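An overview of the molecular structure
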Amino acid sequence: MKKDNFFKINKICCIGAGYVGGPTMAVIAKMCRDLEITIVDLDKNKIDLWNSEKLDELPVFEPGLCEIINECRGKNLSFSTNIKEAIESSQMIFIAVNTPTKESGIGAGEASDLGYVESCARDISLYAKDNTIVIEKSTIPVKTADIINKILNCSSSDRKFHILSNPEFLSEGSAIQDLLKPNRVLIGGDNEKAVDGLANIYNRWIDNKKIIKTNVWSAELSKLTSNAFLAQRISSINTISAICEKTGANINEVSKSIGLDKRIGKYFLQHGPGFGGSCFKKDILNLIYISKFYGLPEVAEYWEKVLDINNWQKKRISRIVVNNLFGTLKNKKIAILGFAFKAETNDTRESSAIDICKDLLEEGAYLSIYDPKVDFEKISQELLPNENLINDNMNILSAKTIAMAVDDADAVIILTEWDEFKDICWNDFSEIMRKPSWLFDCRDVIQLNSIDKGKINLWKCGYSI
Ligand code: NAD
Ligand code: UGA
């Protein structure tokens, strides 16, 4: 590793005030009260919400986040749209902007759109006043540090930029705990001082043994690989859930049995309606693109299958609902419980609920949707992105309570594992449903013995009932 002298780090800036930038910087601010941290974003509305007095209006819902914002905001943590000022005064800059899948041009539908990352690099090149450590926090394709390096180190100024890869492994819904007690922190870089500068920040609350230092490319590729492996496990267990439904094997017993083998491990074996979230699909698509780019079509095909199975699982569920409701959903009310891609988050990006609801709408159903954290504007944007007059569309309705969603419904589909769905007395609720009534439990939240068969028909993903 090369050595270089850096000033003491006391001011940090993070570009991107989203699901990663917000919580990540909030935790650093909490754990390092001597550091001054500014989170900047182009989106004024989002920054206003981060600055809002009403803490329930923060743009990201994460258990424990409000408390940290309350503790640090206005002290050593601030939110701003003044990107220039924040870059000028920081010795360390995190890039935590979105890296969506490219929508057009070369690699459309697979490659990452690095436009937002490039734009950050150009801003840093324009405004940074001195030597600066620049950190890739966004998930990016392997070799992106090369692009950032070319943009930053091409000018004739004396400033030196050191680019590190420090991918984020937090999961939504448990972000604060993941950040406070991570499995590991990964820092890729070839300049020892820069790597240590960042490691010393994490080291204030994370054991040194958990801070892994690698070369930049390993760190970049490890992030994509980690998400691909996690998604692969979900697709694998979902294929087995279908076999269980046909054979009478019980999916939970199978997952428990295999998970007790330490070589397999118990995590990420929960079957369900397929994985959602902003990253698994996009990161696997990115891996597929990279594989093809480097002339490895067999590798690309292998990872493509993980996505194929995820789509198949969602379609399979829609088909099961339609078949059980006599092959048509015309003029039938279906209650959807849960729209977020998982519990404990208000995020709906790539939620399995979107594809499943779209299938049901296509079959003529009208949907009454209840989610404790997702507002109806978000739901309608996901389901009817091109419609301006949502209220005129009679096919989707927002339900303020579970009872409103279920009232007069032919079927209920549980798509997110919110705790409040676990203790519902379905024998009572069946009284307000149309007969014959159906309950489709895609998240394994219903106890089999809690249902009176004469009152409501139950389908549970991964079980033959
Ligand atoms: P996000 O969409 O919630 O937030 C990104 C923010 O960046 C947006 O608010 C956007 O306005 C802002 N932005 C874009 N370009 C900008 C620019 N040039 N200047 C200033 N602001 C700009 O995205 P996210 O979920 O926080 O994800 C960010 C990155 O982190 C992605 O690469 C993602 O793959 C990765 N990641 C996400 C998670 C997660 O749980 N969401 C976890 C780990 C890693
Ligand atoms: C995931 C990874 O877990 C994080 O490590 C990573 O940082 C993040 O992606 C990212 O890069 O964005 P996240 O998407 O927030 O985190 O949530 P997960 O808990 O991984 O769940 C993803 C999806 O898989 C959800 O729809 C969830 O319901 C589903 N899932 C998860 C299952 O169906 N079964 C499981 O056993 C686990």
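Residues numbered from 1 in each chain as written. Chains lettered and ligands numbered in written order. Predicted model: local features only at pLDDT ≥ 70, side-chain atom pairs only at ≥ 80, totals over all residues. Heavy atoms only, no water.

**So, the site of ligand 1**
Residues in close proximity to ligand 1 total 27 residues, the closest being Val 20, Asp 41, Lys 46, Thr 99 and Lys 282. In this structure, Leu 42 approaches ligand 1 through a main-chain N or O atom, which is 3.4 Å from a nitrogen atom. Within the side chain of Lys 46, a nitrogen or oxygen atom sits 2.7 Å from an oxygen atom of ligand 1. Burial of ligand 1 by the protein amounts to 92% of the accessible area it has alone, namely 830 Å². Take the shell around ligand 1: its biggest share by element is three residues, from helix H5 (residues 115-127). Along the lines of polarity and charge, the residues of the shell around ligand 1 split into eleven nonpolar, eight polar and eight charged. (Near = heavy atom within 4 Å. Polar contact = N/O pair within 3.5 Å; in protein donor to acceptor, adjacent residues only side chain to side chain. Areas by Shrake-Rupley, 256 points an atom, 1.4 Å probe, with all protein chains shown as cover. Helix = DSSP H or I, 4+ residues; strand = E, 2+ residues; numbered from the N terminus. Nonpolar A, V, L, I, M, F, W, Y, C, P; charged D, E, K, R; others polar.)

**Notes on H5**
Residue pairs spaced three or four apart in an α-helix point in one direction, given the helix's 3.6 residues per turn. Compared with an ideal rise of 1.5 Å per residue, which puts 13 residues at 18 Å, H5 spans 18 Å between its outermost C-alpha atoms and is within 8% of the ideal. Among the residues of H5, Val 117, Cys 120, Ala 121, Asp 123, Ile 124 and Ser 125 are the ones counted as buried. (Expected span 1.5 Å × (residues − 1). Buried < 20%, exposed > 50% of the residue type's maximum accessible area, 1.4 Å probe, protein only.)

**What about the nonpolar core?**
Core analysis: the largest hydrophobic core is formed by 55 residues, its most contacted members being Ile 334, Leu 337, Leu 360, Leu 367, Leu 383 and Trp 426. For this core, the element with the highest residue contribution is helix H13 (residues 352-362), accounting for six residues. Contact partners of Leu 367, with chain neighbours within four places excluded, come to Ile 334, Ile 336, Cys 357, Leu 360, Leu 361, Asn 395, Ile 396 and Leu 397. Counting 45 residues, the second largest nonpolar core, distinct from the first, contains Cys 32, Ile 69, Phe 94 and Ala 199. (Core = buried A, V, L, I, M, F, W, Y, C linked by side-chain atoms within 4.5 Å. Contact = heavy atoms within 4.5 Å.)

**Regarding the environment of Arg 349**
By the element assignment, Arg 349 lies in the loop between strand E9 (333-337) and H13. A sequence separation of 55 residues divides Arg 349 from Tyr 294, and the C-alpha atoms of the two residues are 29 Å apart. Contacts of Arg 349, omitting those with residues within four sequence positions, involve Tyr 19, Glu 172, Gly 276, Gly 277, Ser 278, Phe 341 and Glu 382.

**Digging into the state of the cysteines**
What we call a disulfide is simply a covalent bond connecting the sulfur atoms of a pair of cysteines. For the coordinates displayed, the defined rule picks out zero disulfides. There is no disulfide at Cys 461, and the cysteine sulfur nearest it, in Cys 442, is 6.2 Å away. (Disulfide = S-S within 2.5 Å.)

**Looking at the side chain of Thr 144**
By secondary structure assignment, the location of Thr 144 is in helix H6 (residues 144-152). The exposure class of Thr 144 is buried, given its relative accessible area of 3%.

**With respect to the site of ligand 2**
Inspection of the region around ligand 2 gives 19 residues, with Leu 170, Glu 172, Lys 223, Gln 270 and Cys 279 positioned closest. Between ligand 2 and Lys 223, the relevant distance is 2.7 Å, taken from an oxygen atom to a side-chain nitrogen or oxygen of the residue. In the model, an oxygen atom of ligand 2 is placed 3.4 Å from a nitrogen or oxygen of the Leu 269 main chain. Coverage of ligand 2 by the protein chains reaches 90% of its 700 Å² of free accessible surface. Top contributing element to the shell around ligand 2 by residue count: helix H9 (residues 216-247), with four residues. Considering only residue class, the shell around ligand 2 consists of ten nonpolar, four polar and five charged.

**Here's the deal with the pairing of strand E5 (residues 132-136)**
Extensive coverage of E5 is indicated by the burial of five of its five residues. Both faces of E5 are covered, namely the face carrying Thr 132, Val 134 and Glu 136 and the face carrying Ile 133 and Ile 135. Bridge count between strand E4 (residues 92-95) and E5: four bridges; the pairing is parallel. Residue pairing across strands places Met 92 opposite Ile 133, the latter belonging to E5. After leaving E4, the chain enters H5 and then returns to the sheet as E5, a path that is right-handed. Note that E5 and strand E6 (residues 161-165) share five bridges and pair parallel. If you follow Thr 132 over to E6, its bridge partner there is Phe 161. What joins E5 to E6 is H6, and the crossover it makes is right-handed. (Pairing = 2+ DSSP bridges. Right-handed = clockwise from strand over helix to strand, strands pointing away.)

**Examining the packing of aromatic side chains**
Aromatic ring pairs are defined here through the distance separating the ring centres and the angle between the ring planes. Under the criterion given, the structure shown has twelve aromatic pairs. Taking the centre distance of 5.6 Å and the plane angle of 80° together, the rings of Phe 275 and Phe 280 count as edge-to-face. Owing to a relative accessible area of 12%, Phe 280 belongs among the buried residues under this scheme. Linked through ring pairs, Phe 229, Tyr 302 and Trp 303 together constitute an aromatic cluster. Seen from the ring of Phe 169, Arg 184 lies directly overhead, with NZ or CZ sitting 3.6 Å from the centre. (Phe/Tyr/Trp six-rings, centres within 6.5 Å; stacked < 30°, edge-to-face > 60°. Lys NZ or Arg CZ within 6 Å of the ring centre and 35° of its normal.)

**Examining the environment of Gly 272**
Mapped onto the elements, Gly 272 comes out in the loop between helix H10 (251-259) and helix H11 (280-293). In this structure the C-alpha to C-alpha distance between Gly 272 and Phe 341, which are 69 residues apart in sequence, comes to 11 Å. In contact with Gly 272, not counting residues within four places along its chain, are Asn 238, Gln 313, Ile 317, Cys 442 and Cys 461.

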